[in-house]
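# Fold and geometry: a report
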Amino acid sequence: MNSWIIRNAAPKDIPGLADVHLNSWLSTYRGIVPDHYLDSLNLDSRIELWTRVFASDNGSATLVLESPSGRIAGFINGGPSREKDLDIEAEVYSLYLLQEAQGRGYGRELMTRMVGYFRDKGYRSMLVWVLEENPSVKFYEKMGGRFLMKKQLQIGGEFVPELCLAWDDLESN
């Protein structure tokens, strides 16, 4: 294999998804969420989380970015919006890339493909929650997300501001 590919995730990808998820948290959120929380994270808990994701039937989809060596270097996961009080149909639950895959257009391509999935499902709008201090806020804004609301998320016993960005018309994105 000599090029990066994006494909639908499969249960065999659980260890790779868990690795990207864990390492992305450790590299992205240091200084944003409490260190003791980050230090408590481990690969086994992320494997358990992804095992539950694949076992559930909630209409979500997961796409992976695979490096030329076959390593999972990123992913996007999304499905029906969990925000029932908002008039928004779909949600990007998570998007993470290892540092080696950042800044190369793969995040944009993963988002574009997830929007295509949402459109195929008949969804007309979507949202994403992102920690306010996460540098990827600018990425989502460049992708067309507009600020909708802010809330405090409790992580490791501390409150961390989280932003909701929304897209009202997926047909125009």
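Residues numbered from 1 in each chain as written. Predicted model: local features only at pLDDT ≥ 70, side-chain atom pairs only at ≥ 80, totals over all residues. Heavy atoms only, no water.

### What to know about the overall build of the protein chain
Helix and strand counts for the protein chain come out as five helices and seven strands. Seen in sequence order, the protein chain has helices and strands lined up from the N terminus as β-α-α-α-β-β-β-α-β-α-β-β. Since a compact globule built from 173 residues should have a radius of gyration of about 16 Å, the 16 Å found for the protein chain is in line with a globular shape. Taken along its principal axes, the extent of the C-alpha atoms in the protein chain is 40 × 35 × 30 Å. Here the protein chain, with 173 residues, has 46% of them falling under the buried criterion. For the protein chain, long-range pairs separated by at least 24 residues make up 64% of all intrachain contacts whose partners lie at least 6 apart in sequence. Accessible area for the protein chain stands at about 8900 Å²; split by element, carbon and sulfur atoms hold 49% of it. Here the protein chain holds 19 positive side-chain charges and 24 negative ones, and the gap between their average locations is 4 Å. (Helix = DSSP H or I, 4+ residues; strand = E, 2+ residues; numbered from the N terminus. Rg over C-alpha atoms; globule rule 2.2 N^0.38 Å. Buried < 20%, exposed > 50% of the residue type's maximum accessible area, 1.4 Å probe, protein only. Contact = heavy atoms within 4.5 Å. Areas by Shrake-Rupley, 256 points an atom, 1.4 Å probe, with all protein chains shown as cover. Lys, Arg positive; Asp, Glu negative; His and termini not counted. Charge placed at Lys NZ, Arg CZ, Asp CG, Glu CD.)

### What about the side chain of Arg7?
As for its placement among the helices and strands, Arg7 is situated in strand β1 (residues 5-8). Reaching out from Arg7, the side chain makes a polar contact with the side chain of Asp13 at a distance of 2.8 Å. Those residues in contact with Arg7 that lie beyond four places of it in its chain are Lys12, Asp13, Thr62, Leu63, Val64, Glu66 and Ile72. (Polar contact = N/O pair within 3.5 Å; in protein donor to acceptor, adjacent residues only side chain to side chain.)

### So, the nonpolar core
Leu65, Met111, Met126 and Trp167 are the most contacted members of the largest nonpolar core, which totals 50 residues. Counting five residues, the second largest nonpolar core, distinct from the first, contains Ile88, Leu127, Trp129 and Cys164. (Core = buried A, V, L, I, M, F, W, Y, C linked by side-chain atoms within 4.5 Å.)

### Considerations on the confidence of the model for the protein chain
Considering every residue of the protein chain, the mean pLDDT works out to 94; 98% of them sit at 70 or more. Here helix α3 (residues 43-55) stands out as the least confident element of the protein chain, with mean pLDDT 95; strand β5 (residues 126-131) is the most confident, with 98. (pLDDT = per-residue confidence, 0-100.)

### Here we look at helix α1 (residues 14-28)
Taking 1.5 Å per residue, 15 residues should reach 21 Å; α1 reaches 21 Å between its end C-alpha atoms and fits that length. Within the span of α1, buried status applies to Ile14, Gly16, Leu17, Ala18, Val20, His21, Leu22, Ser24 and Trp25. Here the buried face of α1 lies against α2 (35-40), α3, β2 (61-66), β3 (72-80), β4 (90-97) and β6 (146-155). (Expected span 1.5 Å × (residues − 1).)

### Some thoughts on the sheet that holds β6
The strand order across the open sheet formed by seven strands is β1-β2-β3-β4-β5-β7-β6, and the pairing between neighbours is mixed. The open sheet terminates on both sides in strands that have one partner only, identified here as β1 and β6. Strand-to-strand, the axes of this sheet are offset by a mean angle of 25°, without reference to chain direction. Where β2 and β3 come together, six bridges link them in antiparallel fashion. The partner of Leu65 across the bridge, within β3, is Gly74. (Pairing = 2+ DSSP bridges. Axes fitted to C-alpha atoms, helices over the stretch in contact; angles between N-to-C directions.)

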